[in-house]
Amino acid sequence: MAILNLYNFLGTYLVIGALLFGFGVYGLVARKTVIGMLIASEFVLAGSSVNFMAFNRFLAPEPAIGQIFTLFIMAIAAAEAAIAVSIVIAVYRNYKSIDTEDLVDLHG
Amino acid sequence: MQSLSSQLANGPSLFSAEGFVGLIFLITIAVIIIGAFMATTSRRLVRCVAGLAVSFTGVAGIYYFLMSPFVAMMQMLIYVGAVSILIAFAVMLAAPEDHTGSGSRTNVLASPLGAGMAAMVFAALSILGIKTQWQSFPRQGSGDIEQIGYVLLTSHSMVFEAISLVLLIAIIGALVLARKGRS
């Protein structure tokens, strides 16, 4: 069966990365709450990580560089999640809501 | 593209070892898609966090297929173990459960427009990734954990220091932000 050989091709992994990125973009646009947008941004970062790892496996001359890049992306994502969660808690304390519709002061 | 299609045509049978690996790969992709769908479309935030954990478990499987079990382990530890739990704490601290049906949403176009835009981005990136003739280079080195540690502490040592500084500042900033306003 041809479909069982998919894991040997670079294009498959690039499509998976694009899929994760697309889910992240959809979540960032369509979610109503700040925490939902934070979850969607994690998907964007995961899509870029999958792309780096795919190029590292199939094309890169030095196969440790892509893994180090992915580890750095994970560290940045962890720092970003910690900061975002504390911002969400501060916003909730001030506005008593995490809905993006309620977080407007100027009513533009 | 010719070699790719010819290689795809004579894939392994389902009951061989390679075929079983391919089946596990398809299951991993299905886990990623189901988790991501649950995380981005569910109305309850707790289910979103659960979908995030499920999807990132699938991404760890993808890393394992890409011959780097160390990064797969780090993915399980950091994303599934730490980031998901952190977001779950944020949901428990800052999301009232009776807030799901607010009904005061004015822009109903956000969901279909977002879906259309995400589908276009996905299609463009997929076509770009498949159609391009990627050029391969000869490999130097193995890419195992020993080489990762060596490269991390020699040629990338300044980035290593910078990332430790970023994490320290993130810890202090998170404490300051969450602490402010509490007497």
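Described below are features of the structure shown in this document. (Residues numbered from 1 in each chain as written. Chains lettered and ligands numbered in written order. Predicted model: local features only at pLDDT ≥ 70, side-chain atom pairs only at ≥ 80, totals over all residues. Heavy atoms only, no water.)

Moving on, we get to the overall build of chain B. Regarding its fold elements, chain B presents 7 helices and 0 strands. Going from N to C terminus, chain B has its helices and strands arranged as α-α-α-α-α-α-α. Counting over 183 residues, chain B shows a buried share of 31%. The long-range share in chain B, meaning contacts at least 24 apart out of those at least 6 apart in sequence, stands at 46%. Entry remark: accessible area of chain B is about 11,400 Å², with carbon and sulfur atoms responsible for 72%. (Helix = DSSP H or I, 4+ residues; strand = E, 2+ residues; numbered from the N terminus. Buried < 20%, exposed > 50% of the residue type's maximum accessible area, 1.4 Å probe, protein only. Contact = heavy atoms within 4.5 Å. Areas by Shrake-Rupley, 256 points an atom, 1.4 Å probe, with all protein chains shown as cover.)

Regarding its fold elements, chain A presents 3 helices and 0 strands. Reading the secondary structure of chain A in the N-to-C direction produces α-α-α. Residues classed as buried in chain A amount to 60% of the 108 residues present. For chain A, the proportion of contacts with a sequence separation of at least 24, taken over those separated by at least 6, is 56%. Accessible surface computed for chain A: about 3,900 Å², of which carbon and sulfur atoms make up 70%.

Further remarks concern the packing of helix 1 (residues 10–30) of chain A against helix 5 (residues 110–131) of chain B. Put simply, helix 1 of chain A and helix 5 of chain B touch, their axes get as near as 8 Å, and they point 160 degrees apart. As summarised for this structure, helix 1 of chain A and helix 5 of chain B are arranged roughly antiparallel, according to the angle between their axes. Of the two elements, helix 1 of chain A crosses helix 5 of chain B, and the hand of that crossing is right-handed. Every residue of helix 5 of chain B that contacts helix 1 of chain A at A:Gly11, A:Leu14, A:Val15, A:Ala18, A:Leu19, A:Phe21, A:Gly22, A:Val25, A:Tyr26, A:Val29 and A:Ala30 is listed here: B:Ala110, B:Ser111, B:Gly114, B:Ala115, B:Met117, B:Ala118, B:Val121, B:Phe122, B:Leu125, B:Ser126, B:Gly129 and B:Ile130. Within the contact of helix 1 of chain A with helix 5 of chain B, the residues separate by chemical class into 17 nonpolar, 6 polar and no charged. (Axes fitted to C-alpha atoms, helices over the stretch in contact; angles between N-to-C directions. Parallel < 35°, antiparallel > 145°, perpendicular 65-115°, else oblique. Left-handed = near helix turned anticlockwise from the far one by under 90°. Nonpolar A, V, L, I, M, F, W, Y, C, P; charged D, E, K, R; others polar.)

What follows deals with helix 2 (residues 17–41) of chain B. Between its first and last C-alpha atoms helix 2 of chain B spans 36 Å; for 25 residues at 1.5 Å apiece the expected length is 36 Å, and the two agree. For helix 2 of chain B, every residue scored as buried is listed here: B:Gly19, B:Gly22, B:Phe25, B:Thr28, B:Ile29, B:Ile32, B:Gly35, B:Ala36, B:Ala39 and B:Thr40. On its buried face, helix 2 of chain B is in contact with helix 1 and helix 2 (34–58) of chain A together with helix 3 (45–65) of chain B. Regarding helix 2 of chain B, its N-cap is B:Ser16, as a side-chain oxygen of that residue lies 3.3 Å from the backbone nitrogen of B:Gly19 further along. (Expected span 1.5 Å × (residues − 1). Polar contact = N/O pair within 3.5 Å; in protein donor to acceptor, adjacent residues only side chain to side chain.)

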